[in-house]
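Structural overview
This is what each chain is made of:
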Amino acid sequence: MVLTSICRFPSKSCTKLPVEEETLIRNIYNFIHQSYKRQTEFQEFQIFYDLKPNKLLQPSQTRWLSVNAAVKRVIEQFEALKAYFALQNFENDKLATCACKNIYKCLNNQIYKLYFEFLEYILPVITDLNAEFQLEKPKVYILYSRKAETYKFILSCYIRDNILKSIDISKLQYRNPVNFKPNEDIYFGPTICLLDIHTCLLMEYMVI
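All of these numbers come straight from a predicted model, not from anything done at the bench.

1. Examining the overall build of the protein chain
- Counting its secondary structure elements, the protein chain contains twelve helices and zero strands.
- The order of α-helices and β-strands along the protein chain, N terminus first, is α-α-α-α-α-α-α-α-α-α-α-α.
- Burial analysis of the protein chain (208 residues in total) assigns 43% to the buried set.
- A separation threshold of at least 6 residues defines the contact pool for the protein chain, and within that pool the share at least 24 residues apart is 64%.
- Carbon together with sulfur atoms contributes 57% to the accessible area of the protein chain, which is approximately 12800 Å² in total.

Below, the structure written as structure tokens:
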């Protein structure tokens, strides 16, 4: 029973992901894949931006790996998607106007791109842990140590170093802002950390 619960952990985690980002991925997928014409048009943008003609993916809460794969695919195709929906936004397809405008607006909101970059960094940490417990060979003997290692890694991204070193992680108040690092020291992954500090501060709302 314990092992089963652990294997379901990433799926439960996916239900806690921001609704807006997941909705955007689904809206992009549905809009393009509802029409062969749109798929063909998008392929032209992929060629223009010298991208692989990879198909967009739809995330599923029941398949935890699909969320990670869908996020990676959106990031990979991001510039082509922005250009494609910029064009679609100005076309006279009244049935698609509302959907296009919403997607176009989201793709041009930097917060969405930053959040996708963060998810690309943090999701593999969770999915890799789950993958170990999906193996046929029993892993019960390292269950606690692997969970603790992953949990501590996540905490290290935003919990003050002195707090993390001095308090048992099982007793650490991970939601208490007093234990948080200063905004400029919170780690959101290598891609985001290459940006200037003012951009990184936009991610403040992501901290639970």
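Next comes the rest of the account.
2. What about the pattern of salt bridges?
- Evaluation of the coordinates by the stated rule reveals seven salt bridges.
- Residues K113 and E117 are paired through a salt bridge, measuring 3.8 Å at the closest nitrogen-oxygen approach. Residue K113 and its partner E117 are located together in helix α8 (residues 110–132), separated by four residues, close to a single helical turn.
- Residue K113 is classed as partly exposed on the basis of its relative accessible area, which comes to 23%.
- When the shortest N-O distance is used, the salt bridge between D161 and K181 registers 3.7 Å. Residue D161 is found in helix α10 (residues 161–166), and its partner K181 is found in the loop between α10 and α11 (190–193); the two are separated by 20 residues along the sequence.
- Residue K181 is classed as buried on the basis of its relative accessible area of 15%.

3. Observations regarding helix α3 (residues 19–33)
- The end-to-end C-alpha distance of α3 is 21 Å, a good match for the 21 Å that 15 residues give at a rise of 1.5 Å each.
- Every buried residue of α3 is listed here: E21, E22, L24, I25, I28, F31 and I32.

4. Quick word on the environment of Y29
- Mapped onto the secondary structure, Y29 falls in helix α3.
- Separated by 29 residues in the primary sequence, Y29 and Q58 place their C-alpha atoms 6.2 Å from one another.
- Once residues lying within four places of it in the same chain are set aside, the contact partners of Y29 are L56, L57 and Q58.

Thresholds, definitions, all that
- Residues numbered from 1 in each chain as written.
- Predicted model: local features only at pLDDT ≥ 70, side-chain atom pairs only at ≥ 80, totals over all residues.
- Heavy atoms only, no water.
- Helix = DSSP H or I, 4+ residues; strand = E, 2+ residues; numbered from the N terminus.
- Buried < 20%, exposed > 50% of the residue type's maximum accessible area, 1.4 Å probe, protein only.
- Contact = heavy atoms within 4.5 Å.
- Areas by Shrake-Rupley, 256 points an atom, 1.4 Å probe, with all protein chains shown as cover.
- Salt bridge = Lys/Arg side-chain N within 4 Å of Asp/Glu carboxyl O.
- Expected span 1.5 Å × (residues − 1).

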